[in-house]
Structures are given as C-alpha cells and as structure tokens.
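Letter by letter, the chains look like this.
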Amino acid sequence: MPFAVDFNEKVVEVIKLNILVCGGAGYIGSHTVKKLLENNYDVTVLDNLEKGHEHSVKDVSLFNVNLLNKDNIDKIFINTKIDAVMHFAANSIVGESMERPEVYYNNNVVGTLNLLEIMQKHTVSKLIFSSTAAVYGAPKEIPITENHPKEPTNCYGATKLAVESMLNWFSHAYGLNYVSLRYFNAAGASKQGDIGEDHEPETHLIPLVLRTALGLRPEIKIFGTDYSTPDGTCVRDYIHVDDLADAHVLSLEYLLKGGHSTVFNLGNGKGFSVLEVINTAQRVVGKPIQRVYAERRSGDPAVLVASSDKIKKELGWTPKYTDLYKIIETAWNWHNKHPNGFGD
C-alpha cells in the first residue's frame, strides 16, 4: 500500500510494488509470499485452493480464482495495480499427469496462456515462472546444466516445457520479460515452523519419511536398491524451500533492474540417496523409521543433480541450507507441530 514519509516537512509518497503470486497458497508459493513481505513488497495472491491452503498466507489479499477463468483474472488486474507476476499455479504429480494429460494441459498450459493474455492486456511485462527439472527427462550428463537437452519423459514435464516455449514467443512478440526457474527437489519448511509442506496425496520422499516417523504411515518404501550409486538407491538434489524463495526474489529484482528473459536451474548441487535421507531423518527424529524394499519404479533415473552455477554467477544466489540434516530438521519442526498439516 502507498504510504507517506516526512522529510524536512516535505511529504514524499513511497509506493510499494505489488506482486501477484499465482498459486501463492501452495508450498513453495506461500514461502515466497512470506519472503516478498519480508522484503517490503505488497503481495496479492491468486489461488483456487484446490491444493493450496488459505491459512498458509497472512496479511495479503487472497483471491479464490482459477486460471481457467479468464474473466476473473481480468477483474483482479482491473481492480488491483499489479507490477509483476510470480506463477506457481500448476498440477505437479508425475503419475497423475500420465493418467490424466488433459487436466495437465488445461491447468498448466491453457491456464498460463490465459494469464499471459491478461498480463499483455494490462501491460504487465515481468513474470517469474515456476518450472521444473522434469523438462530435461533422463539425464545425459551430471550435473545437469540449463543447456542439457530438453526431452521430458512425463506429461507434467512436457506441459512445463510447453509453457517455457510459450514464454519465449510472448517475449519476442510482446516484450514479456521472464525468468524461468527449473527446480529440483524442494524440501524443508520455514525456520519458524509456521508454514510447511502439506500435500494430499503426498508424493515427496522427505514428508513421507517424516509421516512414517509420526506413525501416520506404517512404513516407507524404497524403490530399487541396485542402482549404480554408492548405496544402490536413487540419488536426488534437495533444495530448501527458503532458498527457492530467495531465488524468486533475486529473479524479481533482476527483472525490475532491466534484466532480459532467461532460465536458471535451482538445486543444491549435491546429491543425497534415498537411504541417506531415511538415515538422516532417523537422527533428526531420534528413533528408527520402518522401511521396506520394493522393485524399481519405471522411469526413475539413478541420479538427478543440478548445476546452479549460472544463477550463482549472474544473480549471486547462494543456498543457505546445504546440509541434509538441517533441511530435514526444518521439515520435522513443521510436521511434528502439524501432523495433520494445516488441518491442525
């Protein structure tokens, strides 16, 4: 909101920039909303609350709107001054995307097209897009750089890549300036423990392990123990959600300073195996976690690790959470306090 500052009896109006955060009530979106507020931005949240949680965002305007409803998006831009957009809203479950591709193309691609058209109508030209490492498909080299071939092996990754292509053409045609951030495995929770990961169904390893520790699940399944990795289980790159939020704010500042459209990977640059995650979680919670071994899942690569050198060099981004124990500790702080998520 605008406010006034008195300097030597002169009133100077200072206008905060207002950022529209689509999907701002979701896991990564809510942490980024919090980070934006800490950095003195005004925030407007658009979320259909299908996956997001109203209680995860405070002190902001929240509109329960679906991106498939173009008229309702337009009303937000008509009634609220929007300076830039962060776009997290998407369906993101890989298995579901293979069973219901029409849902993913509708929500992820058509919804984004609606948003871009309304942005263009209202001359809002700055966008931070939540993309994914799934655009790369099976890795041909490790660590994965932004120039790695883009050959998604699932519908979810294909829809995100389709949006990236759309952003590129809107940039050429209408002067859209965007940053596309390709995440690896988001993990952890706010250090205050007030917001965290609450998905239903849950598909991510760390919350599944911690739910097992809480007795909400009988066991954690390990899919495959014969991969070409040090302990035979899959290796993944876990990046703390607060580090992701920092990257979004840095990307916004980059665009506000006149930066051109670009793409960045967001990962820790380190790989941790499934067994390392479970064993580290046991140390965090202080008790054994029941596990069972199962066959490999089709399409699971042995190793997925990011190179984030580009964003470190160009924007000065540095992950604060590089230690797996610390990442899981913040997640446990949230799950232990909120065993039923935001329903508590």
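The preceding data block contains the structure.
A brief report on the enclosed structure follows. (Residues numbered from 1 in each chain as written. Predicted model: local features only at pLDDT ≥ 70, side-chain atom pairs only at ≥ 80, totals over all residues. Heavy atoms only, no water.)

A look at the overall build of the chain
Part 1 of the argument: The secondary structure content of the chain amounts to 10 helices and 16 strands.
Part 2 of the argument: The C-alpha atoms of the chain give a radius of gyration of 20 Å, which matches the 20 Å a tight globule of 344 residues would have.
Part 3 of the argument: On the principal axes, the C-alpha backbone points of the chain span a range of 65 × 40 × 40 Å.
Part 4 of the argument: Across the 344 residues that make up the chain, the buried fraction comes to 52%.
Part 5 of the argument: Considering only contacts within the chain whose residues lie at least 6 apart along the sequence, 75% involve residues at least 24 apart.
Part 6 of the argument: As displayed, the chain has an accessible area near 15,700 Å², and 49% of this comes from carbon and sulfur atoms.
Part 7 of the argument: Where the 34 positive side-chain charges of the chain centre and where its 41 negative ones centre are 2 Å apart. (Helix = DSSP H or I, 4+ residues; strand = E, 2+ residues; numbered from the N terminus. Rg over C-alpha atoms; globule rule 2.2 N^0.38 Å. Buried < 20%, exposed > 50% of the residue type's maximum accessible area, 1.4 Å probe, protein only. Contact = heavy atoms within 4.5 Å. Areas by Shrake-Rupley, 256 points an atom, 1.4 Å probe, with all protein chains shown as cover. Lys, Arg positive; Asp, Glu negative; His and termini not counted. Charge placed at Lys NZ, Arg CZ, Asp CG, Glu CD.)

Considering the packing of aromatic side chains
Part 1 of the argument: A complete count under the given rule lists 2 aromatic pairs for this structure.
Part 2 of the argument: The aromatic ring of Tyr-227 is capped on one face by Arg-296, whose charged end is 3.9 Å from the ring centroid. (Phe/Tyr/Trp six-rings, centres within 6.5 Å; stacked < 30°, edge-to-face > 60°. Lys NZ or Arg CZ within 6 Å of the ring centre and 35° of its normal.)

Topic: the sheet that holds strand S7 (residues 126-132)
Part 1 of the argument: One open sheet holds the 7 strands; their spatial order is S5-S4-S3-S6-S7-S8-S13, and the pairing between them is parallel. Both edges of this open sheet fall to strand S5 (61-63) and strand S13 (262-266), since each of them pairs with a single strand only. Looking at each pair of strands side by side, their axes are set apart by 20° on average, direction ignored.
Part 2 of the argument: For S7 and strand S8 (residues 177-183), the ladder comprises 7 bridges, and the chain directions are parallel. By the bridge assignment, Phe-129 is partnered in S8 with Ser-180.
Part 3 of the argument: Across the sheet, helix H5 (residues 155-174) is in contact with S7, S8 and S13; its angle to S7 comes to roughly 155°. (Pairing = 2+ DSSP bridges. Axes fitted to C-alpha atoms, helices over the stretch in contact; angles between N-to-C directions.)

Brief notes about the sheet that holds strand S14 (residues 272-273)
Part 1 of the argument: If you trace the 3 strands from one edge of the open sheet to the other, you get S14-S11-S16, paired in mixed fashion. A strand with exactly one partner marks an edge of an open sheet, and here the two such strands are S14 and strand S16 (303-304).
Part 2 of the argument: Looking at chain direction, strand S11 (residues 235-236) and S16 are connected through 2 bridges and run parallel. Looking at the pairing, Arg-236 lines up with Leu-304 of S16.

Considerations on the environment of Pro-230
Part 1 of the argument: Residue position: Pro-230 is located in the loop between strand S10 (220-223) and S11.
Part 2 of the argument: On the basis of relative accessibility, which here comes to 86%, the residue Pro-230 falls in the exposed class.

Regarding the pattern of salt bridges
Part 1 of the argument: Counted according to the given criterion, the structure contains 12 salt bridges.
Part 2 of the argument: One salt bridge in this structure joins Lys-140 and Glu-151, with 2.7 Å as the shortest N-O distance. Of this pair, Lys-140 sits in the loop between S7 and H5 while Glu-151 sits in the loop between S7 and H5, placing them 11 residues apart in sequence.
Part 3 of the argument: We classify Glu-151 as partly exposed; its relative accessible area is 42%.
Part 4 of the argument: The partner of Asp-246 in a salt bridge is Lys-320, with the nearest N and O atoms 2.7 Å apart. Here Lys-320 lies in the loop between helix H9 (309-315) and helix H10 (324-337) and Asp-246 lies in helix H7 (residues 241-256), a separation of 74 residues in the sequence.
Part 5 of the argument: Looking at Lys-320, the relative accessible area reads 61%, which means it is exposed.
Part 6 of the argument: Connected via shared salt-bridge partners are Lys-35, Asp-246 and Lys-320. (Salt bridge = Lys/Arg side-chain N within 4 Å of Asp/Glu carboxyl O.)

Some thoughts on the side chain of Thr-262
Part 1 of the argument: Within the element layout of this structure, Thr-262 appears in strand S13.
Part 2 of the argument: Sequence-distant contacts of Thr-262, that is, excluding residues within four places in its chain, are made with Tyr-178, Val-179, Ser-180, Tyr-254 and Lys-310.

Here's the deal with the packing of helix H4 (residues 101-121) against H5
The geometry of a pair of packed helices is captured by two quantities: the angle between their axes and the separation between those axes.
Part 1 of the argument: Here H4 crosses H5 at 20°, and the two axes come no closer than 9 Å. The angle between H4 and H5 places the two elements in the roughly parallel class. By crossing handedness, the relation of H4 to H5 is classed as right-handed. Taken together, the residues of H5 that come into contact with H4 (itself represented by Pro-101, Tyr-104, Tyr-105, Asn-108, Val-109, Thr-112, Leu-113, Leu-116, Glu-117 and Gln-120) are Cys-155, Tyr-156, Ala-158, Thr-159, Ala-162, Val-163, Met-166, Leu-167, Phe-170 and Tyr-174.
Part 2 of the argument: The class makeup of the residues in the contact of H4 with H5 is 15 nonpolar, 4 polar and 1 charged. (Parallel < 35°, antiparallel > 145°, perpendicular 65-115°, else oblique. Left-handed = near helix turned anticlockwise from the far one by under 90°. Nonpolar A, V, L, I, M, F, W, Y, C, P; charged D, E, K, R; others polar.)

Observations concerning the pairing of strand S3 (residues 18-22)
Part 1 of the argument: Burial within S3 is extensive, with 5 of its 5 residues counted as buried.
Part 2 of the argument: Here 5 bridges tie S3 to strand S4 (residues 42-46), and the two strands are oriented parallel to one another. Along S4, the bridge assignment pairs Ile-19 with Val-43.
Part 3 of the argument: Read from S3 through helix H1 (residues 27-38) to S4, the crossover connection turns out right-handed. (Right-handed = clockwise from strand over helix to strand, strands pointing away.)

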